[in-house]
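Each chain, written out:
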Amino acid sequence: MDSSQFFGISGIAYILAMVAYIAYLAFRNSTVGVIATTITAVGFVSQTIAFVMRGIEFYDLGQMGVMRAIPLTNLYESLVFFVWCLILGYLVIEWKYKNRSFGAFITPIAGMALAFIDISGMDKNIHPLIPALQSNWLLAHVTMSFIAYAAFAISFATGIMYLAVTTENKKSGAYIFWTVTLGIFAAVLIAMGIDFMAFKVAARSPEAFIQSYLFKATFRNASGIIALLSYFGAAGLVFLTWRYGHALKKLIESFSISQEILDDLTYKNIAIGFPIFTLGGLIFGAIWADQAWGKYWSWDPKETWSLITWFVYAFYLHARFLRGWRGNKIAIVAVVGFVCTIFTYLGVNLLLSGLHSYGGG
Amino acid sequence: MSDKKENRNVVDKIWNVFSSITLAVVIFSLISITSIVGTIIEQQAEPERNIKLLSKFFGESFAPTVFKMLDSFGFTNMYGSWWFMTLLFVFAANLVICSLDRLPKIWKVVKEPVKPLSPELLNSMPLKKEIFLKGRVDNARSAAEAALKGIGFKADIHAEAGGVQICAEKGRYSRLGVYVTHFSIILILIGAVVGIFFGFNASLNLLEGTSSAIVYDRRTGKEIPLGFDLKCNDFEVSFYDNSDTPKSFRSRLAIFENGKPVKINGKEVTEIDVNSPLKYKGITFYQSSYGFSPSKDSLFKVSVTSGAKKEDISLRFGESFTIPGTNINGKIADFSPAIAVDESGKLFTYAETMNNPAVFIEFTEGGKQKYSRWILKRYPQTWTVPDATVEFKDLWGAQYTGLQVRRDPGVWIVYLGCLVMAVGLYAAFFMSHARIWITLKEEKGGVKAFIAASVNKNKIAFEQKIEKLAGGLNG
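Small disclaimer: the values here were computed from a predicted structure and weren't measured.

What counts and how
- Residues numbered from 1 in each chain as written.
- Chains lettered and ligands numbered in written order.
- Predicted model: local features only at pLDDT ≥ 70, side-chain atom pairs only at ≥ 80, totals over all residues.
- Heavy atoms only, no water.
- Helix = DSSP H or I, 4+ residues; strand = E, 2+ residues; numbered from the N terminus.
- Buried < 20%, exposed > 50% of the residue type's maximum accessible area, 1.4 Å probe, protein only.
- Contact = heavy atoms within 4.5 Å.
- Areas by Shrake-Rupley, 256 points an atom, 1.4 Å probe, with all protein chains shown as cover.
- Axes fitted to C-alpha atoms, helices over the stretch in contact; angles between N-to-C directions.
- Left-handed = near helix turned anticlockwise from the far one by under 90°.
- Nonpolar A, V, L, I, M, F, W, Y, C, P; charged D, E, K, R; others polar.
- Phe/Tyr/Trp six-rings, centres within 6.5 Å; stacked < 30°, edge-to-face > 60°.
- Buried area = accessible area lost by both parts, 1.4 Å probe.
- Salt bridge = Lys/Arg side-chain N within 4 Å of Asp/Glu carboxyl O.
- Domains from an automatic or database assignment.
- Patch = residues over 30% accessible without salt bridge, like charges linked within 9 Å, V, L, I, M, F, W, Y side chains within 5 Å.
- Parallel < 35°, antiparallel > 145°, perpendicular 65-115°, else oblique.
- Pairing = 2+ DSSP bridges.
- Expected span 1.5 Å × (residues − 1).
- Bend = angle between axes of the 7 residues up to and from the residue.
- Core = buried A, V, L, I, M, F, W, Y, C linked by side-chain atoms within 4.5 Å.
- Polar contact = N/O pair within 3.5 Å; in protein donor to acceptor, adjacent residues only side chain to side chain.

Attention now goes to the overall build of chain A. From N to C terminus, chain A includes twelve helices and zero strands. Taken from the N to the C terminus, the helices and strands of chain A come in the order α-α-α-α-α-α-α-α-α-α-α-α. The 361 residues of chain A split such that 58% are buried. Across chain A, contacts joining residues at least 24 apart in sequence account for 76% of those joining residues at least 6 apart. Of the roughly 14,700 Å² that chain A leaves accessible, carbon and sulfur atoms contribute 70%.

Laid out in structure tokens, this is it:
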């Protein structure tokens, strides 16, 4: 068996785990809960094996030593590693807090990330390192960035859950904020799913996919009517999320996840993610850029967006400590932070050009 | 008198503005929003590219006007514009003044070691525990000392009426972590300013075999003298097997001062590649790109083997060589930097760089055509011809190396700032200031122990420690 088969197993496992966790939430059967955890753990082990195997394949191909055999050199590999970090973080939380309910909120993110890989038809082949990436900083910079991204992703999930639990009034800003954010997330993912089914794309690179296929079946369809219908559909989805969002509150509450735990988890993940992101993402990135390009900071889109993300989380921490912000206000900042993180990670690679464009291959 | 008072008020007001978190939020937002615009508008690009981009949003007819507006506000080179610099400066000032404003209070806490407190104050601590111990105060005291040691605290004992009060603390200086982090940001900004004012950022394209004593500023194109000569002896790209993915590209550089070669690390020629630059006299040369620019002086380097005889030959386009030990001549008749075969079997050049260089050699004997061959540098199976093996080694003097040249005396301040930031972040996020007070009082039949404690971060882990401490007192 090679690494891709193990990756395949883990992908299926996470999607099954997502179903199992949701079933666990719905039926509250502890056997289902144990099954969900087992499936997740199996997926995690399988992904770990796959990751090591891909590293070995990479080592054989590149012949550049262990430090440069880390399979984290393109969008596909980095997404897979992100999912790995996320599941690891989740398993730690499940074990520490003795609560399985978060699984239903975390595994969908993992499942969506893996689905995105397939939908976008991105290149899964192992490619040898181009000269700019042949540095020992690659390991430290990329792994730490992704650990931070994963921590931020968890804070996003708990942040949304917090807002879902604390907001009741459909006209309140916080309620509208979280339901609309969640609705847009869902709409974009569904639209990408339709693209995939409509075109059965196997475009070589995500750039090619974005340019030629993304939203072509929906929002950017040649037929104005379909495009218009797509916008109505998306608006409808957002409306439905808004209309029935309170159902989520009942669900979470029925599992005795308290507001305090959610707030605490959001904060803790940001408190772990922020220093790791600063050190690994910004500082190590700057040192590496200095050595490779002769410039530690060049305001290219990736760097600029990292800085914006950093500002948002710095604001979260300062608002919490200096102004004593708690509750909805601070949860909204956490959610905004992750939206910026996604843009730094995916949006820049897919939509903006710059020195980092090799990350899209 | 009143004038002075008014002045004071103005200073106070300015101080208050700069020390407010509201200003920080405004500055964060302004820097973020303008930066977003800067990532969409391509920086320092040809106007046409941005006008094309803008026409998608504003339509063909409005795009040039919008572009002119953005251009006049500096959005096409915004990270170097005066107003963006001003924003960064206000950010720095805000950070300094915010920190100075809050530092005295924290400094007081940091300067003063933990000391015994009154029962009322101890009662107001967030963590409290009361236990009754058998035996005497002295025994309880040594048990407390040992238990504190067990959780990593050093006991400080003070005698009190009817007993003792033991104080202990850890991580007092971690309270400064936030300020250390803020200071590091200032250091990094200072380093950047030093780099801008006392350094340069230039580039240089150097053809194989040529040298230069000047480089060109990346922004203005102005000539900058190096103070020495830099020569490119050779440039080489290697590819991953059978592909056009470059594995590495490297230049062999040499430095001359007053015409004499200079040794760097004991070598006259230094090889650089993308992640390993050459440094000399505070100037760093980075390998950043390469290109192809052949001339009639470029030399074809071939190695011809016939039987046991081997000869290395350099010759120009159109010139001929003789296969050693024969009277067969080979003439360089054609060249392609990147040769490929199309579906119909025709040869064509697919790139303007030396991805797959090939040379066409016509062999003659006594003026009569014998045969001719394409010889490919990357494919040894093409080197064999009926009378010899002709290895095409290089076309020398045809490739130029693209160097990025930088002098940045501020980079060490930036690195120092990064180091300080790592320390500051560690203290701020992963360390906490924990204080414990234990009062031991004689009561009939034993000792009453009262534990009070507080921590500024990570409460759950600390509570577990206090549990352990209480257990230690009992045991």
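Here we come to the packing of helix α10 (residues 259-293) of chain A against helix α11 (residues 301-322) of chain A. All names here are of chain A. Two numbers describe how α10 lies on α11: the axes approach to 10 Å, and their chain directions differ by 145°. In this structure, α10 meets α11 at a crossing whose hand is left-handed. Only Glu303, Ser306, Leu307, Thr309, Trp310, Tyr313, Ala314, Tyr316, Leu317, Arg320 and Phe321 of α11 make contact with α10, whose side of the interface consists of Asp263, Thr266, Tyr267, Ile270, Phe274, Phe277, Thr278, Leu282 and Ala289. Considered class by class, the residues forming the contact of α10 with α11 number 13 nonpolar, four polar and three charged.

All names here are of chain A. By the definition in use, this model includes 43 aromatic pairs over all chains. Judged by centre distance (5.6 Å) and plane angle (45°), the rings of Phe239 and Trp242 are tilted. Here Phe239 and its partner Trp242 are both found in helix α8 (residues 224-244), three residues apart, which amounts to about one turn of the helix. Residue class for Phe239 comes out partly exposed when judged on its relative accessible area of 45%. A relative accessible area of 24% means that Trp242 is categorised as partly exposed. The rings of Phe44, Phe51, Phe81, Trp84, Phe146, Tyr149, Phe152, Phe277 and Tyr313 are connected pair by pair, giving a single aromatic cluster.

Time to look at the interface of chain A and chain B. Facing 40 residues of chain A, the contacting portion of chain B comprises 44 residues. For the pairing of chain A and chain B, the buried interface totals around 3,700 Å² over both sides, and the portion due to carbon and sulfur atoms is 70%. Residue Asp290 of chain A is joined to Arg406 of chain B by a salt bridge in which the shortest nitrogen-to-oxygen separation is 2.7 Å. For the side of chain A that touches chain B, the secondary structure elements donating two or more residues are α10 and α11 of chain A. Among the elements that line the side of chain A that touches chain B, the one with the most residues is α10 of chain A, at 14 residues. Classifying every residue of the side of chain A that touches chain B gives 28 nonpolar, seven polar and five charged.

Residue and element names in this part refer to chain B. The full count for this structure, using the stated rule, is 23 salt bridges over all chains. With a shortest N-O distance of 3.4 Å, Glu365 and Lys370 are connected by a salt bridge. Relative accessible area serves as the criterion here: at 38%, Lys370 is assigned to the partly exposed category.

As a further point, take unusual backbone geometry. Even without a glycine there, the phi angle at Trp299 of chain A is positive, about 55°. Among the secondary structure elements, Trp299 of chain A is positioned in the loop between α10 and α11. Trp299 of chain A sits in the buried class, given a relative accessible area of 18%. Phi is positive for Asn258 of chain B, close to 50°, though the residue is something other than glycine. Assignment of secondary structure puts Asn258 of chain B in the loop between β7 (246-257) and β8 (260-262). On the basis of relative accessible area, Asn258 of chain B is assigned to the exposed category, the value being 79%.

Take the domain arrangement of chain B next. When the domains of chain B are assigned, the result is domain 1 (2-109), domain 2 (114-171 + 432-473), domain 3 (186-294 + 400-421) and domain 4 (299-395). Inter-centroid distance (C-alpha atoms) of domain 1 of chain B to domain 2 of chain B is 51 Å.

As a further point, take a nonpolar patch on the surface. Residue and element names in this part refer to chain B. Where nonpolar side chains cluster on the molecular surface, the patch consists of Met85, Val193, Ile196, Phe197 and Phe198 and spans about 540 Å² of accessible area. Broken down by element, the residue count for the nonpolar patch peaks at four residues, all from helix α8 (residues 177-198). Relative to the assigned elements, Ile196 resides in helix α8.

By secondary structure assignment, the location of Gly471 of chain B is in helix α10 (residues 459-474). Linking Gly471 of chain B and Ala147 of chain B, residues 324 residues apart in sequence, is a C-alpha distance of 8.3 Å.

Where α10 of chain A meets helix α9 (residues 411-430) of chain B, the closest approach of the two axes is 10 Å, and the angle between their N-to-C directions is 165°. Classified by the angle between their axes, α10 of chain A and α9 of chain B sit roughly antiparallel to one another. Crossing geometry of α10 of chain A relative to α9 of chain B is assigned as left-handed. Contacts between α10 of chain A and α9 of chain B involve Ala271, Phe274, Pro275, Thr278, Leu279, Ile283, Ile287, Asp290 and Gln291 of chain A from the first element and Val411, Tyr415, Cys418, Met421, Ala422, Leu425, Phe429 and Phe430 of chain B from the second. Classifying every residue of the contact of α10 of chain A with α9 of chain B gives 14 nonpolar, two polar and one charged.

All names here are of chain B. If you trace the four strands from one edge of the open sheet to the other, you get β14-β15-β18-β19, paired in antiparallel fashion. The open sheet has two edge strands, β14 (320-322) and β19 (368-376), and neither has a second partner. The sheet shows a mean angle of 30° between the axes of neighbouring strands, direction not considered.

Now for the sheet that holds strand β21 (residues 388-396) of chain B. Residue and element names in this part refer to chain B. Pairing in this open sheet of four strands is antiparallel, and the strands run β13-β12-β21-β20 from one edge to the other. Single-partner strands in this sheet number two, and they are β13 (309-315) and β20 (384-385). Pairing of strand β12 (residues 299-306) with β21 involves seven bridges; the strand directions are antiparallel. Bridge assignment links Ser303 to a residue of β21, and that residue is Glu391.

The subject of this paragraph is helix α5 (residues 82-111) of chain B. Compared with the 44 Å implied by 1.5 Å per residue over 30 residues, the 42 Å span of α5 of chain B between its first and last C-alpha is a close match. Maximum bend of α5 of chain B: about 45°, positioned at Leu103 of chain B, with proline Pro104 of chain B one to four residues after it.

A regular strand places its side chains on the two faces of the sheet in alternate fashion. Residue and element names in this part refer to chain B. Strand direction decides the pairing type here: β14 and strand β15 (residues 328-336), joined by three bridges, are antiparallel. Across the sheet, the residue bridging to Ser320 is Lys331, located in β15. Linking β14 to β15, which pair antiparallel, is a turn of five residues; within it Gly325 sits at a positive phi near 80°. Where β15 and strand β18 (residues 358-365) come together, eight bridges link them in antiparallel fashion. Looking across to β18, one finds that Asn329 is bridged to Thr364.

Once that is clear, we can look at the nonpolar core. Where a protein is soluble and globular, its nonpolar side chains tend to be buried together. By size, the foremost hydrophobic cluster in this structure holds 140 residues, and its most contacted members are Phe82, Leu86 and Phe102 of chain A together with Phe84 of chain B. The leading source of residues in this core is helix α5 (residues 137-166) of chain A, at 18 residues. Lining this core are residues from two domains, each supplying at least three of them: domain 1 (2-109) and domain 3 (186-294 + 400-421) of chain B. Those residues in contact with Phe84 of chain B that lie beyond four places of it in its chain are Trp299 of chain A together with Ile31, Thr34, Ser35, Met78 and Tyr79 of chain B. Counting residues in each nonpolar core, the second largest holds 28 residues, with Leu127, Ala144, Val447 and Ile466 of chain B among its members.

What follows concerns α5 of chain A. Given a rise of 1.5 Å per residue, 30 residues ought to cover 44 Å, and the 43 Å separating the end C-alpha atoms of α5 of chain A matches this to within 8%. Counted residue by residue, α5 of chain A has 25 buried out of 30 residues, so it is predominantly covered.

Attention shifts here to the side chain of Thr37 of chain A. Residue and element names in this part refer to chain A. On the secondary structure map, Thr37 appears in helix α2 (residues 30-62). Looking at Thr37, its side chain comes within polar contact range of the side chain of Glu94, at 2.8 Å. For Thr37, the contacting residues outside a window of four places in its chain are Tyr21, Glu94 and Arg100.

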